[in-house]
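Residue-level structure breakdown
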Amino acid sequence: MEAELMRIGVSLPDALLDKFDEIIKKRGYPSRSEAIRDALMSYITYYEWMGDIKGHRVGTIAVIYDHTKRGLSNALVDVQHFYSHLIKYSIHMYLDTEDGFELIVLDGSGQEITELAGAIIALKGVKFSKLTTVEPGEKI
């Protein structure tokens, strides 16, 4: 039995929709709906993976954000200060006149690392954030 489909409306900036359409065309999706379903499943899988991060971990958070957004730089610093016991290094650079890049190297509780990553992505003006963790000594 097939699941019932729900119609939703989503408002997106033109540039974002144009990029999305370009990608789905290159990847051969038959429709936007199929591509959006795929993207949502990827997001859900990533979110669930983050919920499974437990125990001692080392990792990184890569962040791209709008450094011209009023108060965002201070908010990023405040969040990092709250979790400073996890942060071993932080590298910051400007990508252009609008975008800043930060790479945060972490060592500590997987649950707290996940909380930090969630607090960063929730900040308005953060354009991209990617958490990567491993257990120290884990064989890959």
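Further up the page is the structure itself.
Residues numbered from 1 in each chain as written. Predicted model: local features only at pLDDT ≥ 70, side-chain atom pairs only at ≥ 80, totals over all residues. Heavy atoms only, no water.

Strand order in the open sheet formed by four strands is 2-3-1-4, with antiparallel pairing between adjacent strands. Edge strands, defined here as strands with exactly one partner in the open sheet, are strand 2 (87-94) and strand 4 (126-134). The average angle at which neighbouring strand axes cross in this sheet is 10°, direction not considered. Along the sheet, helix 3 (residues 72-82) makes contact with strand 1 (56-66), strand 2, strand 3 (99-109) and strand 4, crossing strand 1 at roughly 170°. (Pairing = 2+ DSSP bridges. Helix = DSSP H or I, 4+ residues; strand = E, 2+ residues; numbered from the N terminus. Axes fitted to C-alpha atoms, helices over the stretch in contact; angles between N-to-C directions. Contact = heavy atoms within 4.5 Å.)

If you walk through the whole model with that rule in mind, you get one aromatic pair. Between F82 and Y83, the aromatic rings sit 5.0 Å apart at their centres with planes inclined by 80°, giving edge-to-face as the arrangement. The exposure class of F82 is exposed, given its relative accessible area of 63%. (Phe/Tyr/Trp six-rings, centres within 6.5 Å; stacked < 30°, edge-to-face > 60°. Buried < 20%, exposed > 50% of the residue type's maximum accessible area, 1.4 Å probe, protein only.)

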